[in-house]
Amino acid sequence: MQLYRHLLGSVFLPAYDGIRSRRYVGHSRFLEVSQWWKPEQLIAFQWAELHKLLRHAFDFVPYYRWKYRAVGASFSDIRTWDDFKRLPRLTRGEIRQHREELCSTAYQGKLLPHATGGSTGVPTRFYRTYESYDWRTAAKDRVYSWPGLHVGDKSVYLWGAPVGDVPKYQIWKTWLHETVQRQRTFNTFSQTEELWWRIHAEICRYRPAAIVGYVSSLQQFAGFLGRTKRNIPRVRGVIAAAEPLFEGVRRTMEEAFEAPVYNTYGSREFMSLAGECEQRDGLHVNSENVVVEAGGEFDEPSNIIVTDLHNYGMPFIRYETGDLGKLKDGLCACGRGLPRLAEIEGRVLDRLRTADGRIVPGEFFPHLLKEIPEFVQYRVEQKDLERIVISAVMTCELSSHSRELLDREIGKVFGGATRCDIQPVEEIPALPSGKRRITIGMAG
Ligand SMILES: [Zn+2]
């Protein structure tokens, strides 16, 4: 179906952009070329974009004006990368407390609200612009093209489902998007043997170019293939997202899928940040859209700091993601000039279990709990099959709406036999292992 891909890329998507005054296609074409630029050229582009963004932040974003003035930084002081790296970082806490002052006064009424489950159990609510959305989707599509999944190719997603009351137009919009993109999505928030059989049957029938999924869902599906001694038709690649991909897990998956597995790194605040090319030797950063700082003084992994170059409506400048990582030296054998992240230590999410023996990926909770505005930070722990405890730092008591949403969505996934208790706490203590677990399964 090369023809469909061609029509989508050269006729339908440009027409959509034209009608809606959007820029996805333009950014996509640019990114296709710029990935082959030399590192110096990419850095020069990045600096020019950064300069524009900082100018905007100093002129139109009340919070940055105030924050930078407090440390004595003015726009004209920022002449080099070192000057930029001296600007104070932005934290999740600041976004929570100063969300409105972080919005540009030049973009009033033009912002799209969005929420994230957060990579450390801290939900964040933020805004983005259409312009930024077009940049980030173009960047994500480029990352997915490296394993061979091009826009318009068939794909199967082992993903989650929206929570809460989803408006009808949203369901329709998602359906239209998935149909046009030829994407089949399975909700893996509630895993049964029957689900794996259905996914297997669909992959055999639909013959996708690639499979995309949460690491834990792909891992479970790979386990199913091994257990039942099934194969799947050849795919170009398997794209792992949302959770850290450990080498042992990658190898097991590659055996089961008989295809290379590609690691990607992203977050809801920025969508796609980096992904592996065909060399699979570090993750190339989408450096035309984001500035990623990582790597400590002694070559130790350090907090990954991200600046989004194109979200002018609510600029994220030197934002602490809470993930650890470091940048890799040298050039990739593929010839792309994009910098690479060597390793990423993201969040760890344990699986949970339902009373009737099903498995629920930890990813379900950040997905659900981002909808609960009273939670500042949380940790979910399964005490036994009948009881889940959410320890949470809260702004105020749960509203009846939030309580109902929690009970309903947890009931949908876990069934009626599992109770969910909320335990308000002053702080979420660090675990002795030092790991940043936001869901903890039962022992054993
Ligand atoms: Zn490469």
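Every value quoted in this text rests on a predicted model; they were computed, and no experiment measured them.

Colleague: Would you take a moment to explain the overall build of the protein for this structure?
Modeller: Counting its regular elements, the protein contains 13 helices and 20 strands. Taken against the 2.2 N^0.38 rule, which gives 22 Å for 444 residues, the C-alpha radius of gyration of the protein at 22 Å falls within 12% of a compact globule. C-alpha extents for the protein along the principal axes are approximately 65 × 55 × 50 Å. Per-residue burial for the protein yields a buried fraction of 53% across its 444 residues. Sequence separation of at least 24 residues holds for 69% of the intrachain contacts in the protein that already meet a minimum separation of 6. Counting only carbon and sulfur atoms, one obtains 53% of the accessible surface of the protein, whose full area is about 20500 Å².

Colleague: Mind showing me how you'd approach the packing of helix α10 (residues 215–228) against helix α11 (residues 247–257) here?
Modeller: Think of two packed helices as two axes; the pair is described by the angle between the axes and how far apart they sit. Contact pair α10 / α11: the axes reach a minimum separation of 9 Å and the direction vectors enclose 50°. Viewed along their axes, α10 and α11 adopt a mutual orientation that is oblique. Like other packed secondary-structure pairs, α10 and α11 cross with a definite hand, here left-handed. In this structure, α10 contributes Val215, Leu218, Gln219, Phe221, Ala222 and Leu225 to the contact, and α11 contributes Val249, Met253, Ala256 and Phe257. By residue class, the composition of the contact of α10 with α11 is nine nonpolar, one polar and no charged.

Colleague: Explain the coordination of the zinc ion to me, please; I cannot follow it from the model alone.
Modeller: Around a metal, the idealised angle for a tetrahedral arrangement of four donor atoms is 109.5 degrees; for an octahedral arrangement of six donor atoms it is 90 or 180 degrees. The zinc ion binds to the protein through Cys277 (SG), His284 (NE2), Cys332 (SG) and Cys334 (SG), with metal-donor distances spanning 2.1 to 2.3 Å. Each of the four donor atoms bound to the zinc ion contributes to angles spanning 103 to 116°, and the resulting shape is tetrahedral. Among the residues examined, Cys332 registers a relative accessible area of 6% and is labelled buried.

Colleague: Quick question: what am I supposed to make of the environment of Tyr157 here?
Modeller: For Tyr157, the position within the fold is in strand β3 (residues 155–159). Among the residues examined, Tyr157 registers a relative accessible area of 8% and is labelled buried. C-alpha separation for the pair Tyr157 and Ala274, spaced 117 residues apart in sequence, amounts to 19 Å. The contact partners of Tyr157, leaving out residues within four places of it in the chain, are Tyr144, Gln183, Arg184, Thr185, Phe186 and Val212.

Colleague: How should I be thinking about the sheet that holds strand β6 (residues 237–241) in this particular structure?
Modeller: Two strands in a sheet stick together by hydrogen bonds in their backbones, pointing the same way (parallel) or opposite ways (antiparallel). Ordered in space as β4-β3-β5-β6-β7-β8-β9-β13-β12-β11-β10, the eleven strands form an open sheet in which the pairing is mixed. Lying at the two open borders of the sheet, with one neighbouring strand each, are β4 (183–187) and β10 (290–293). Ignoring which end each strand starts from, the neighbouring axes of this sheet average 35° apart. Across four bridges, strand β11 (residues 302–308) lies against strand β12 (residues 319–328) in antiparallel orientation. Its bridge partner being in β12, Val306 is matched across the sheet by Tyr319. Each of β3, β5 (210–214), β6, β7 (261–267), β8 (271–276), β9 (283–285) and β11 is contacted by helix α7 (residues 130–145), which is oriented at about 20° to β8, the strand it contacts most.

Colleague: Mind showing me how you'd approach the pattern of salt bridges here?
Modeller: A side chain with one charge may pair with a side chain of the opposite charge, provided their charged atoms come close. Considering all chains together, one arrives at 32 salt bridges under this definition. Across the pair Arg227 and Glu193 runs a salt bridge, and its minimum N-O distance is 2.9 Å. With a gap of 34 residues between them, Arg227 in helix α10 and Glu193 in helix α9 (residues 193–206) connect regions that are remote in the sequence. Where Asp281 meets Lys328, a salt bridge forms, and the shortest distance between an N and an O atom there is 3.2 Å. On the criterion of sequence distance, the pair formed by Asp281 in the loop between β8 and β9 and Lys328 in strand β12 is long-range, its members being 47 residues apart. Given the relative accessible area of 34%, Asp281 is considered partly exposed. Linked by salt bridges that have partners in common, Arg5, Asp153 and Arg236 make up one network.

Colleague: I would appreciate a short explanation of the side chain of Asn263 in the present structure.
Modeller: Along the chain, Asn263 falls in strand β7. Look at Asn263 and you get buried, because its relative accessible area is 11%. For Asn263, the residues in contact, after removing those within four places along its chain, are Ala240, Leu245, Arg250, Gly275, Glu276 and Leu283.

Colleague: Would you explain unusual backbone geometry in this entry?
Modeller: A negative phi angle is the norm for most residues apart from glycine, just as the trans form is the norm for most peptide bonds. Backbone geometry at Lys229 places phi at a positive 55°, although glycine is not the residue there. Along the chain, Lys229 falls in the loop between α10 and β6. Judged by its relative accessible area of 71%, Lys229 is exposed. Positive phi outside glycine occurs at Arg318, with the angle close to 55°. Tracing the backbone shows Arg318 in the loop between β11 and β12.

Colleague: Please explain helix α13 (residues 400–414) as it appears in this structure.
Modeller: Owing to its 3.6 residues per turn, the α-helix aligns residues three or four sequence positions apart on the same side. The end-to-end C-alpha separation of α13 is 21 Å, in line with the 21 Å expected for 15 residues at 1.5 Å each. Among all positions of α13, only Ser402, Leu405, Leu406, Glu409, Ile410, Val413 and Phe414 are buried. Relative to the axis of α13, the buried residues are bounded by an arc of 130° and lie together on one face. In this structure, α13 carries Ser400, His401, Glu404 and Lys412 as exposed residues pointing more than 90 degrees from its buried face.

Colleague: Mind showing me how you'd approach the packing of aromatic side chains here?
Modeller: Geometrically, a pair of aromatic rings is defined through the distance of the ring centres and the angle of the planes. For the coordinates displayed, the defined rule picks out 27 aromatic pairs. Aromatic side chains Phe221 and Phe224 sit 6.0 Å apart centroid to centroid with 10° between the ring planes, which places their arrangement in the stacked category. Of the two residues, Phe221 and Phe224 are both situated in helix α10; the distance of three residues between them amounts to about one turn of the helix. Judged by relative accessible area, Phe221 falls into the buried class, the value being 0%. Seen in terms of ring centroids, Phe365 and Phe414 are 6.1 Å apart; in terms of plane orientation they differ by 45°. Their pairing is tilted. In this pair, Phe365 is assigned in helix α12 (residues 364–369) and Phe414 in helix α13, connecting sequence segments 49 residues apart. As far as the burial class goes, Phe365 and Phe414 line up, both buried.

Thresholds, definitions, all that
Residues numbered from 1 in each chain as written. Predicted model: local features only at pLDDT ≥ 70, side-chain atom pairs only at ≥ 80, totals over all residues. Heavy atoms only, no water. Helix = DSSP H or I, 4+ residues; strand = E, 2+ residues; numbered from the N terminus. Rg over C-alpha atoms; globule rule 2.2 N^0.38 Å. Buried < 20%, exposed > 50% of the residue type's maximum accessible area, 1.4 Å probe, protein only. Contact = heavy atoms within 4.5 Å. Areas by Shrake-Rupley, 256 points an atom, 1.4 Å probe, with all protein chains shown as cover. Axes fitted to C-alpha atoms, helices over the stretch in contact; angles between N-to-C directions. Parallel < 35°, antiparallel > 145°, perpendicular 65-115°, else oblique. Left-handed = near helix turned anticlockwise from the far one by under 90°. Nonpolar A, V, L, I, M, F, W, Y, C, P; charged D, E, K, R; others polar. Donors = N, O, S within 2.8 Å, 3.2 Å for Na, K, Ca; no water. Tetrahedral: all angles 85-135°; square planar, octahedral: opposite > 155°, others 65-115°. Pairing = 2+ DSSP bridges. Salt bridge = Lys/Arg side-chain N within 4 Å of Asp/Glu carboxyl O. Expected span 1.5 Å × (residues − 1). Arc of directions from axis to C-beta. Phe/Tyr/Trp six-rings, centres within 6.5 Å; stacked < 30°, edge-to-face > 60°.

By themselves these figures say nothing about function.
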